[in-house]
Amino acid sequence: MLLQPNPWIRFSLGILLGATLLLWGSPAGSQTRLNFSNADLQGQDLSGQDWRGSSFVSANLQGADLHGANLAGVAFTKANLAGANLAGADLSNSLLDLANLAGADLRGANLRGAIAARAVWQGVQIAGADFSDAYVDRAALRELCQRAEGSHPVTGVATRASLGCP
């Protein structure tokens, strides 16, 4: 005698599988989150790629080319991005806490909702960057407001307004 599974069990398993795929993404065709934590990517060309949700925690990205990359939701905690080209990159909802962004090019970058606690900003280029709803330290905010100019090419938000500069 062949036992048939209870229809409620099949239904429950289907709901569970569907919820799992909704939360974690489908295995086929979904964005793979990569782990580059502690990696040495100094001077590498990572431009125009989709790195959404990846981890670059404590990675060395000094002088790396990330212009136009999708870096939404990426963790750059303690990463060295000194002199990196992030022009036009989507850094929305990214973590830049304790990141070294000294001399980086963030012109036209989208930093909406990013968290940049205790990041290093000396000499960074931010013309046309959108910092709407981003968290930036007060001391860094004063420094960034001194060089804030232009408007983001896609959102149209003025850099000064997005930082809340006086």
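Here's a quick rundown of the structure.

Conventions and cut-offs
- Residues numbered from 1 in each chain as written.
- Predicted model: local features only at pLDDT ≥ 70, side-chain atom pairs only at ≥ 80, totals over all residues.
- Heavy atoms only, no water.
- Disulfide = S-S within 2.5 Å.
- Helix = DSSP H or I, 4+ residues; strand = E, 2+ residues; numbered from the N terminus.
- Phe/Tyr/Trp six-rings, centres within 6.5 Å; stacked < 30°, edge-to-face > 60°.
- Buried < 20%, exposed > 50% of the residue type's maximum accessible area, 1.4 Å probe, protein only.

### Examining the state of the cysteines
Next up, step 1: Applying the stated criterion across every chain yields a total of one disulfide.
Next up, step 2: Through a disulfide, Cys-145 is tied to Cys-165; the S-S separation comes to 2.0 Å. Because the sign of the S-S torsion sets the handedness, a value of about -90° for the bond joining Cys-145 and Cys-165 places this disulfide among the left-handed ones. Residue Cys-145 is located in helix 2 (residues 138-147), and its partner Cys-165 is located in the segment after helix 3 (159-163); the two are separated by 20 residues in the primary sequence.

### As for unusual backbone geometry
Next up, step 1: Backbone geometry places Ser-58, a non-glycine residue, at a positive phi of 55°.
Next up, step 2: Unlike most non-glycine residues, Lys-78 shows phi in positive territory, near 60°.
Next up, step 3: If you trace the backbone, Lys-78 turns up in the loop between helix 1 (7-24) and strand 1 (115-116).

### As for the packing of aromatic side chains
Each aromatic ring pair is summarised here by two numbers: the centre-to-centre distance and the angle between the ring planes.
Next up, step 1: Evaluated as defined, the whole model comprises five aromatic pairs.
Next up, step 2: Ring plane angle 15° and centroid distance 4.9 Å describe the contact between Phe-36 and Phe-56, whose orientation is recorded as stacked. Note that Phe-36 is positioned in the loop between helix 1 and strand 1 and Phe-56 in the loop between helix 1 and strand 1, a separation of 20 residues in sequence.
Next up, step 3: Given a relative accessible area of 21%, Phe-36 falls into the partly exposed group.

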